[in-house]
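Single-letter residue listing:
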Amino acid sequence: MQVLQVQLAVQADPAEVGRARRWVRSRLLNHGVDPDAPMAETVVLVVSELVTNAVVHTGCPAVLRLCLPVAEDCDRAGAPGPLRVEVADASRTAPAPRHAGPDEDATNGRGLELVELLCERWGWYPDGSGKRVWCEIGSGAGPADPLAGVDWAALAQ
């Protein structure tokens, strides 16, 4: 499958997360994806979570890469292959999904859970002196609110 790869260097500053979101929207639009489509919203949310993790937990710069499938190169179902998001950082510490618990006001601890819910696949591997966290999002990705149907009472037990 042919892909277009684009990347953005992200500084070790939480303000960079907003810049990464704007950059992703721009790249998607340039690739012919409606930036308001559910898939685009999903990609932006996933990028936000992965870049936040890289910047906050390492305190070092990171590199965000999008691997966009070329529309002419379709799978057997006639749809482009999945879009891949990668974030490389300087830490070799494995990403570990944390469970924020039943506190609906918690502001952190759900990032990798969101990635797991929104993506077809995700993972990580050592890369140089750090690691690369990656995920794949299909063209049929649902809306960016994966928690709308969650039974919070059941999770709290």
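**Q** Would you mind going over the pattern of salt bridges in detail, with residue names and values included?
**A** Per the stated rule, a full pass over the model turns up eight salt bridges. Here Glu-136 makes a salt bridge to Arg-121, at a shortest N to O gap of 3.0 Å. Residue Glu-136 is located in strand S5 (residues 130-137), and its partner Arg-121 is located in strand S4 (residues 121-127); the two are separated by 15 residues in the primary sequence. On the basis of relative accessible area, Glu-136 is assigned to the buried category, the value being 12%. Look at Arg-121 and you get partly exposed, because its relative accessible area is 46%. Note that Arg-132 is salt-bridged to Asp-127, the shortest N-O span being 2.6 Å. Here the residues in one salt-bridge network are Arg-65, Arg-84, Glu-86, Arg-121, Asp-127, Arg-132 and Glu-136, joined through shared partners.

**Q** Before we move on, could you go through the state of the cysteines and cite the residues and values that matter?
**A** Summed over the entire model, instances satisfying the criterion amount to zero disulfides. Here Cys-119 stays free of any disulfide, with the sulfur of Cys-135 as its closest cysteine sulfur at 3.6 Å.

**Q** So what about the environment of Arg-110? Which residues, and what values?
**A** Its location among the elements puts Arg-110 in the loop between strand S3 (83-89) and helix H3 (111-118). Residues Arg-110 and Glu-49 lie 61 residues apart in sequence; the distance between their C-alpha atoms is 8.9 Å.

**Q** Give a description of the sheet that holds strand S1 (residues 3-10) that names residues and reports values.
**A** Spatial strand order, S1-S2-S3-S5-S4: five strands in an open sheet with antiparallel pairing. A strand with exactly one partner marks an edge of an open sheet, and here the two such strands are S1 and S4. Between one strand axis and the next, the sheet turns by 15° as a mean value, whatever way the strands run. Note that S1 and strand S2 (residues 62-69) share eight bridges and pair antiparallel. When the sheet's bridge partners are listed, Val-10 is paired in S2 with Ala-62. Where helix H2 (residues 38-58) meets the sheet, its contacts fall on S1, S2, S3 and S5, and the angle it forms with S3 comes to roughly 10°.

About the cut-offs
- Residues numbered from 1 in each chain as written.
- Predicted model: local features only at pLDDT ≥ 70, side-chain atom pairs only at ≥ 80, totals over all residues.
- Heavy atoms only, no water.
- Salt bridge = Lys/Arg side-chain N within 4 Å of Asp/Glu carboxyl O.
- Helix = DSSP H or I, 4+ residues; strand = E, 2+ residues; numbered from the N terminus.
- Buried < 20%, exposed > 50% of the residue type's maximum accessible area, 1.4 Å probe, protein only.
- Disulfide = S-S within 2.5 Å.
- Pairing = 2+ DSSP bridges.
- Axes fitted to C-alpha atoms, helices over the stretch in contact; angles between N-to-C directions.
- Contact = heavy atoms within 4.5 Å.

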